[in-house]
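Next come the chains, spelled out residue by residue.
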Amino acid sequence: MANAASGIAVHDDCKLKFLELKAKRTFRFIVFKIEEKQVVVEKLGEPAETYEDFAASLPADECRYAIYDFDFVTEENCQKSRIFFIAWSPDTARVRSKMIYASSKDRFKRELDGIQVELQATDPTEMGLDVFRSRAN
C-alpha cells in the first residue's frame, strides 16, 4: 500500500530482510533506498561487517534509510544489542529527495516492527559510534 502523503510503497523484501535481521541476526545492517516510488533493499551487511562498512555504504550526497544492529556491553558486563533506524539525509542531497524521504519515513518505520532507537543524521558525526553508544542505554 502506498503512503498517502508521498505515494511511496514499501517492497515486501524490506520487511522480510528486517525480520531476518531481528529474529535470526542474519545481517549486521540493511540500507534501503526509494526507487521508482517504492522503498527497496539496496545493501545487506553480513554479520561480520563492521560499523565502518556500514557508514561507507551510505552515499555522501543521497538520502537513505538504514537499520543497524548495534552490539554493546553494559556496565554490568552484559552483552546486549539494539536495533537502530537511521534516516540519512545529508545536507548535499537534493531538496526533492530530502522531502520524499522525510514524508515517507514514519510510514516506512511502521512497517518495521521492532525498531528500538531512531537517529536522524545529516553527516557522519551525527551517527558515530559514540552516538550509538549513548543512545543504546
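These numbers come from a predicted model, not from an experiment.

Engineer: Even after reading the chapter, I still don't get the side chain of Ser-89, so can you show me in this structure?
Structural biologist: Position of Ser-89 relative to the elements: it lies in the loop between strand E5 (79-88) and helix H3 (95-111). In this structure, Ser-89 is in contact with Cys-63, Lys-98, Gln-120, Ala-121 and Thr-122, ignoring residues within four places of it in sequence.

Engineer: Help me understand the pattern of salt bridges, please; the structure alone is not making it clear to me.
Structural biologist: In a structure, side chains of opposite charge can pair up when their charged atoms sit close to one another. Overall, the coordinates contain 14 salt bridges when judged by the stated rule. The salt bridge involving Glu-20 is made with Lys-17; its shortest N-O contact spans 3.8 Å. Placement of the pair is Glu-20 and Lys-17 together in helix H1 (residues 12-24), with a separation of three residues, close to one helical turn. A salt bridge links Glu-62 to Arg-64, with the nearest nitrogen and oxygen atoms 3.0 Å apart. Look at Arg-64 and you get buried, because its relative accessible area is 6%.

Engineer: Could you clarify how one ought to interpret the packing of aromatic side chains in this entry?
Structural biologist: Two aromatic rings, taken as a pair, are described by how far apart their centres are and by the angle between their planes. Applying the stated criterion to the full structure yields 15 aromatic pairs. For the ring pair Tyr-51 and Phe-132, a centre distance of 5.7 Å and an interplane angle of 70° mean the geometry is edge-to-face. Pair noted here: Tyr-51 is in helix H2 (residues 51-56) and Phe-132 is in helix H4 (residues 129-136), with a separation of 81 residues, a long-range link. By relative accessible area, which is 11% here, Tyr-51 ends up buried. When the ring of Tyr-65 is compared with that of Phe-108, the centres are 5.1 Å apart and the planes differ by 25°; the resulting orientation is stacked. Of the two residues, Tyr-65 sits in strand E4 (residues 64-73) while Phe-108 sits in helix H3, which places them 43 residues apart along the sequence. Considered together, Tyr-65 and Phe-108 belong to a single accessibility category, that of buried residues. Three or more aromatic residues joined by ring pairs form one cluster here, namely Phe-29, Tyr-51, Phe-54, Tyr-68, Phe-70, Phe-72, Phe-84 and Phe-132.

Definitions and limits used
- Along each chain, numbering runs from 1 in the same order as the chain's sequence is written.
- It should be noted that, the model being predicted, local features are given only for residues of pLDDT at least 70 and side-chain atom pairs only at 80 or more, the latter also being counted only at that level, while totals for whole chains, interfaces and linings use all residues.
- Note that water and hydrogens are dropped before the side-chain values are worked out from all heavy atoms of the structure.
- By the criteria applied, helices consist of DSSP H or I runs no shorter than four residues and strands consist of E runs no shorter than two, each listed in order from the N terminus.
- The contact criterion used is simple: two residues touch if any of their non-hydrogen atoms lie within 4.5 Å.
- Take a side-chain nitrogen of Lys or Arg and a carboxyl oxygen of Asp or Glu: if they are within 4 Å of each other, that pair is a salt bridge.
- Burial here depends on accessible area, computed with a 1.4 Å probe over protein chains only, as a share of the maximum for the residue type. Under 20% is buried, over 50% is exposed, and the range in between is partly exposed.
- Here a pair means two rings of Phe, Tyr or Trp (six-membered ring of Trp) with centres within 6.5 Å. Their orientation is stacked below 30 degrees between planes, edge-to-face above 60, and tilted elsewhere.

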